[in-house]
Amino acid sequence: MIPAEHYVILSALLFITGGVGFLVRRNVLVTLMSIEVMLNASNLALVAFNRSRLAHVATQTYVGASHTGQVFAFFIIAAEAAEVAVGLAIVLAFYRLRRTVRSDEADLLKN
Amino acid sequence: MTAAGTIYFYACALLALAGAGGVVASKNPIRGAMGLLLLILSVAGLFLALHAQFLAAIQLIVYAGAIIILFLFVIMLLGPSASTPSDRRGIAARVFGGGLFGIAGLAALWAVVSAAMASHRTMPMPAPDDSFGGIDAFGSVLFADALVPFELSSALLMVAVLGAMAVARGRQGQKSMSKNELEVAASPFPSPPTRELPAQTAGVFSHEIKAETPKETAS
């Protein structure tokens, strides 16, 4: 059995990779994909912690180990789908204005 | 069993890191999307190893089925301009920021890992029930304890769809005029109405498409 620490370390490495990509890359599409990488890393950490801490819960409908981390990851996935839909719409609108997807051309609010 | 589990974990971990590296390093956004797909598939595999079967299925359906397709759709819609040409301008600041983030993150990770190894305390990994993480147990938690956030997330998705439509549609008006109408509107001397010509229907000998000539100038 792989210990849960390995999953958390992998999640941290994925998060760092995504963060570096978000800061270094200038293509807006790649920036959005880097955000996806970071959110996936956080999902992995949540599920790993949930697997490690199986607190016993007993509600009216469910008796057993708690699913808190997995439910969190589920909602993160839902929020991420919404984020990608709006983000890609913004990318298309930005491309229509500037004919490019470079993020440093987005200076309409400058000055 | 243990050896197979170890090999499975390291294979998935290496593939996930390779996918993340592909997202960050690839020049072509299509390759980046493929790297993201690789990352998502391997994270779904890790979810399976973590006894989260339902989340693995959701990961495959939502990410690989919807988000990657949406990314690919936009990349193909933008065509060759989706990949920006390389440009050295401002690269020092970006590399400094990214390097600072990476080094700080790795240093924090190293500090945590060394402290954890010094204390010799490990996270417990108790054996769950067979139903843990399956659709039965997950659904009974989701629709009882997490019912209000679940309904709110449906509202969030609805608002996101409306917002995406409103943002991506852009301004109508100028864009919706045909090329012929734009030329007529831009010319200082509008061409005389072509009503006195013999009535030509659209066909082999017609010079213009009748449906697109402005009707208002004739009256």
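This is a predicted model, so every value here is computed, not measured.

A. Representation of the overall build of chain B in the model. Helix and strand content of chain B: seven helices and zero strands. If you list the helices and strands of chain B from N to C, you get α-α-α-α-α-α-α. Across the 219 residues in chain B, those meeting the buried criterion constitute 21%. Expressed as a percentage of contacts within chain B between residues at least 6 apart in sequence, the contacts between residues at least 24 apart total 49%.

B. Expanded view of helix 5 (residues 135-142) of chain B. Looking only at helix 5 of chain B, the buried set comprises Ala137, Phe138, Val141 and Leu142 of chain B. Down the axis, helix 5 of chain B shows its buried residues gathered within 130° of arc, on one side only. Each element contacted by the buried residues of helix 5 of chain B is listed here: strand 2 (63-65) and helix 3 (68-98) of chain A together with helix 3 (53-78) and helix 6 (147-169) of chain B.

C. View of the nonpolar core. One finds Leu29, Met33, Leu44 and Val47 of chain A together with Phe47 of chain B to be the most contacted residues of the largest nonpolar core, which totals 69 residues. Elements represented by at least two residues in this core include exactly helix 1 (4-24), helix 2 (28-52) and helix 3 of chain A together with helix 1 (2-25), helix 2 (29-49), helix 3, helix 5 and helix 6 of chain B. Looking at this core element by element, the count peaks at 12 residues for helix 2 of chain A. Apart from residues no more than four positions distant in its own chain, Leu29 of chain A is found in contact with Val91 and Val101 of chain A together with Pro29, Phe71, Val74, Ile75 and Ala82 of chain B.

D. Main features of the environment of Gln70 of chain A. Inspection of the secondary structure assignment puts Gln70 of chain A in helix 3. Looking at Gln70 of chain A, the number of C-beta atoms within 10 Å reads 26, which means it is buried. Measuring from C-alpha to C-alpha, the distance between Gln70 of chain A and Ser52 of chain A comes to 12 Å, with 18 residues separating the pair along the chain. Apart from residues no more than four positions distant in its own chain, Gln70 of chain A is found in contact with Val47 and Asn50 of chain A together with Ala52, Leu55, Gly133 and Phe138 of chain B.

E. Focus on the confidence of the model for chain B. Averaged over every residue, the pLDDT of chain B is 82; the share at 70 or more is 77%. Across the whole predicted complex the pTM is 0.81, and at the interface the ipTM reaches 0.92.

F. Focus on the interface of chain B and chain A. Taken together, the contact pairs 78 residues of chain B with 69 residues of chain A. Those elements that provide at least two residues to the side of chain B that touches chain A are helix 1, helix 2, helix 3, helix 4 (91-119), helix 5 and helix 6 of chain B. Among the residues making up the side of chain B that touches chain A, the classes are represented as 54 nonpolar, 21 polar and three charged.

G. Broad picture of the packing of helix 2 of chain A against helix 3 of chain A. Residues and elements named next belong to chain A. Contact geometry of helix 2 with helix 3 gives a least axis separation of 9 Å together with a crossing angle of 175°. Relative to helix 3, the element helix 2 lies roughly antiparallel. Residues Val28, Leu29, Leu32, Glu36, Leu39, Ser42, Asn43, Leu46, Val47, Phe49 and Asn50 of helix 2 form the contact with helix 3, whose own contacting residues are Thr68, Gly69, Gln70, Phe72, Ala73, Ile76, Glu80, Val84, Gly87, Val91 and Phe94. When its residues are assigned to classes, the contact of helix 2 with helix 3 shows 13 nonpolar, seven polar and two charged.

H. Looking closely at unusual backbone geometry. Even without being a glycine, Arg99 of chain A presents a positive backbone phi close to 60°. As for its position among the elements, Arg99 of chain A is in the segment after helix 3. One non-glycine residue with positive phi stands out, namely His51 of chain B, at about 65°. The residue His51 of chain B is located in the loop between helix 2 and helix 3 in this model.

Reading the values: the criteria
Residues numbered from 1 in each chain as written. Chains lettered and ligands numbered in written order. Predicted model: local features only at pLDDT ≥ 70, side-chain atom pairs only at ≥ 80, totals over all residues. Helix = DSSP H or I, 4+ residues; strand = E, 2+ residues; numbered from the N terminus. Buried ≥ 20, exposed ≤ 12 C-beta atoms within 10 Å, placed from the backbone. Contact = placed C-beta atoms within 7 Å. Arc of directions from axis to C-beta. Core = buried A, V, L, I, M, F, W, Y, C linked by C-beta atoms within 7 Å. pLDDT = per-residue confidence, 0-100. Nonpolar A, V, L, I, M, F, W, Y, C, P; charged D, E, K, R; others polar. Axes fitted to C-alpha atoms, helices over the stretch in contact; angles between N-to-C directions. Parallel < 35°, antiparallel > 145°, perpendicular 65-115°, else oblique.

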